[in-house]
Amino acid sequence: MNAPFYVILTFAHLIRAEHHVSLDGRRAEEGAGSGRRTCRLYCRVGIGFHLQIHPDGRVNGSHEPNQLSVLELFAVSQGVIGIKGVYSNRFLAMNNRGRLHATEWFTDDCKFRERFQENSYNTYASVIHRNHRSSREWFVALNKRGKAKMGSSPRVKSQHVSTHFLPRVGLHDKSERGFTITDRSKERRKSPPPLPPKPPVSKVNNMHAGPTSRQPQVKYWPKYRFG
C-alpha cells in the first residue's frame, strides 16, 4: 500500500531538484542585468591565449581570437560571476578535482570569484572548491601551450601569470591591431611628371630671350683732346 506513495514522493523530489537547478541558472542569467558583459579573456602566458569553450565540453586556449573565445560574463552576487560561451552555449565549471570543463546547466561549480590584480589583470577562483587543508583557492589557469591547468595544482597561484586574464571588449577585429615598418629605400621611386610645354615666344622677344640669343654690341669711340 505504501510502495506507490514512496515512488510518487521520490519522483516528485527528482522533478523538484531538476527544476531547482534550472531555475537557479535562469535566475543567475536573468538577474545579471547591467552586470552582463560580452568579451574575450586573454591570458598572457606563453605566446598569449584566449580562453575558449567548446560545444563538446572542452576548455582550452587559442592564440587567434575566434567564435569559441567570445564569452559572456554575468554577475551572480557581489564579486561572484558566471562565464558562458556565446557560441557553445555552455557554462565554464570546475569539478571537485580542480579540472575545468563546460556544462549545459548552471550549478555551483560554475560560480567564480573575480578579483582585480595590481597589473590590471583579473583572476577567477572557484567559489566552492579549494584545498581544505591549506584553504588555498583553485584558479582558472592555462599553461604555456594553451591547455587548461588543474586548479588544484600547487603551482597554480594568484601570483602566477597563468592565472591572469584580461577582458578584451573588441570582438569585431579578426586580427590583432598593430603596425608595420617598411623600408622606403626599396620602394620604387616614381618618375617626376613631365614639364608643361613652354608657351610660344614672339620673334621680337626671342632676340633677348634665352642663353643662346645674341647680345647687341656697343661700340665705344675714343675721345681726343686738341690744344
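As the structure is a computational prediction, the values presented were derived from the model and not from experiment.

**Student:** Describe the environment of Gly85, naming the residues involved and giving the relevant values.
**Tutor:** Residue position: Gly85 is located in strand 5 (residues 80-85). Residue classification places Gly85 among the buried positions, given a relative accessible area of 1%. Sequence separation between Gly85 and Ile53 is 32 residues, and the spatial gap between their C-alpha atoms is 5.7 Å. If we skip the residues at most four places from it in the chain, Gly85 touches Ile53, Val70, Leu71 and Arg90.

**Student:** Would you mind going over the confidence of the model for the protein chain in detail, with residue names and values included?
**Tutor:** Mean pLDDT over the protein chain: 78, with 62% of residues reaching 70 or higher. Across residues 17-33, confidence stays below pLDDT 50; counting only partners more than four residues off in sequence or on other chains, it has 18 contacts.

**Student:** Could you give an account of the nonpolar core, naming the residues involved and the relevant values?
**Tutor:** The biggest cluster of nonpolar side chains holds 22 residues, and the ones touching the most others in it are Leu41, Leu51, Leu92 and Tyr124. If you list the elements that add at least two residues to this core, you get strand 1 (37-43), strand 2 (49-53), strand 4 (71-77), strand 5, strand 6 (91-94) and strand 7 (100-103). Setting aside its immediate chain neighbours within four residues, Tyr124 contacts Leu41, Leu73, Ile81, Ile83, Phe112, Arg113, Glu114, Trp138, Phe139, Val140, Phe165 and Pro167. If you look at the next biggest cluster of nonpolar residues, it comprises five residues, including Phe74, Phe91, Phe106 and Cys110.

**Student:** Any details on the environment of Thr103? Residues and values, ideally.
**Tutor:** Within the secondary structure, Thr103 is located in strand 7. Taking the C-alpha atoms as reference points, Thr103 and Ile53, separated by 50 residues in sequence, lie 9.8 Å from one another. Of the polar contacts made by the side chain of Thr103, one reaches the backbone nitrogen of Trp105; its length is 3.4 Å.

Quick notes on the rules
- Residues numbered from 1 in each chain as written.
- Predicted model: local features only at pLDDT ≥ 70, side-chain atom pairs only at ≥ 80, totals over all residues.
- Heavy atoms only, no water.
- Helix = DSSP H or I, 4+ residues; strand = E, 2+ residues; numbered from the N terminus.
- Buried < 20%, exposed > 50% of the residue type's maximum accessible area, 1.4 Å probe, protein only.
- Contact = heavy atoms within 4.5 Å.
- pLDDT = per-residue confidence, 0-100.
- Core = buried A, V, L, I, M, F, W, Y, C linked by side-chain atoms within 4.5 Å.
- Polar contact = N/O pair within 3.5 Å; in protein donor to acceptor, adjacent residues only side chain to side chain.

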